[in-house]
Amino acid sequence: MGRVTVKRPVLRIVDGETRRRPDTLAAEEPLEIRVAGRPLAVTMRTPGHDVELTHGFLLTEGVIGDREDVSTARYCDSLDDHGRNTYNVLDVALAPGVAPPDDSVERRFYTTSSCGVCGKASLDAVRTKTRFAPGDDPVTLTPDLLSTLPDALREAQAVFDSTGGLHGAGLFRADGTLIVAREDVGRHNAVDKVLGHALLEGAIPATGTILMVSGRASFELTQKAVMAGVPVLAAVSAPSSLAVEMARESGMTLVGFLRGRSMNVYAGTHRIVTEDAPLVGADGA
């Protein structure tokens, strides 16, 4: 399987002085996802946890809702110039009775590491209906607990320490315990790996959990969290307007600019409790 990191020569310049040395970079390789031999999507990802990524992708696209919906997932023969398997093609067989993905899921262009929605067959298909709406999840959190999550996620990002070039996503219990953390050059892939792990562990819908991401809260990441039944999404950076709209429509709590003890709550304020009282926010929740 491809390595998570690679070494490349670099010219280092500090205060006018130059030095050549090897530098550690995050690996980026394509993964083609197939269903019953039919190409479905290609995503640029950091190799590793590909089965989780694929399960998470199929979950958040509405193709599957349970680990039993997949019969097998196996690497296909994808050979490089030297005849070695690249492990860059994964074929999934759905269980009997599980409908194959329709054309709205098919990505007609490859998915870049920065944007997972780009190349959807139809933008109208983006608002996928979830089987696990998070609106009724009764979980509550304190600002103090939320403030611990960015550092907890950062500590779990081992590869980031050596490359500085990976996004992180972590799924936490309501008491702040880390369930799983994953890294990837694509923020959407990191989330798919985390949610795929939860699916394979039989923990979907992900009730009573918090999904913490290291970057911004885009519409797609919000949709992925909704599709998995995650009641709280927190990000260290800003959400988009569509992310806020999606969170409010689905009953999810969305927290942005979570840095230290400072944060903005854009939706689902009723879940944030201080001194045994829920916050009152602009979203009316």
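Residues numbered from 1 in each chain as written. Predicted model: local features only at pLDDT ≥ 70, side-chain atom pairs only at ≥ 80, totals over all residues. Heavy atoms only, no water.

- By the naming in an unreviewed UniProt entry, the chain is Sulfur carrier protein FdhD, taken from Actinomycetospora aeridis.
- Regarding the chain, the relevant UniProt record gives this comment under Subcellular location (unreviewed entry): "Cytoplasm".
- In its Sequence similarities (unreviewed entry) section, the UniProt entry covering the chain states "Belongs to the FdhD family." (UniProt positions renumbered as here; feature names shortened; annotations may be inferred.)

## Examining the pattern of salt bridges
For step 1, the next point in the chain: With the rule as written, the count across this model stands at 9 salt bridges.
For step 2, the next point in the chain: The salt bridge involving glutamate 52 is made with arginine 182; its shortest N-O contact spans 2.8 Å. Separated by 130 residues along the polypeptide, glutamate 52 in helix 1 (residues 50-60) and arginine 182 in strand 8 (residues 178-184) bring together distant segments of the chain. Considered together, glutamate 52 and arginine 182 belong to a single accessibility category, that of buried residues.
For step 3, the next point in the chain: A salt bridge links arginine 131 to aspartate 69; its shortest N-O distance comes to 3.9 Å. Of this pair, arginine 131 sits in the loop between strand 6 (89-94) and helix 2 (143-155) while aspartate 69 sits in the loop between helix 1 and strand 5 (70-75), placing them 62 residues apart in sequence.
For step 4, the next point in the chain: Aspartate 69 gets classed as buried once you look at its relative accessible area, which sits at 16%.
For step 5, the next point in the chain: Via salt bridges that share partners, Asp192, Glu220 and Lys224 belong to a single interconnected network. (Salt bridge = Lys/Arg side-chain N within 4 Å of Asp/Glu carboxyl O. Helix = DSSP H or I, 4+ residues; strand = E, 2+ residues; numbered from the N terminus. Buried < 20%, exposed > 50% of the residue type's maximum accessible area, 1.4 Å probe, protein only.)

## Thoughts on the environment of leucine 11
For step 1, the next point in the chain: On the secondary structure map, leucine 11 appears in strand 1 (residues 5-14).
For step 2, the next point in the chain: Residues leucine 11 and arginine 21 lie 10 residues apart in sequence; the distance between their C-alpha atoms is 6.6 Å.
For step 3, the next point in the chain: Look past the residues within four positions of leucine 11 in its chain and what remains in contact with it is Thr18, Arg19 and Arg20. (Contact = heavy atoms within 4.5 Å.)

## Quick look at the packing of helix 4 (residues 187-200) against helix 5 (residues 219-227)
For step 1, the next point in the chain: Packing of helix 4 against helix 5 leaves a shortest axis separation of 10 Å and a crossing angle of 5 degrees. If you check the angle between helix 4 and helix 5, you find them roughly parallel. Contact with helix 4, carried on its side by Arg187, His188, Val191, Asp192 and Leu195, involves Glu220, Leu221, Lys224 and Ala225 of helix 5 and no other residues of that element.
For step 2, the next point in the chain: Split by residue class, the contact of helix 4 with helix 5 holds 4 nonpolar, 1 polar and 4 charged. (Axes fitted to C-alpha atoms, helices over the stretch in contact; angles between N-to-C directions. Parallel < 35°, antiparallel > 145°, perpendicular 65-115°, else oblique. Nonpolar A, V, L, I, M, F, W, Y, C, P; charged D, E, K, R; others polar.)

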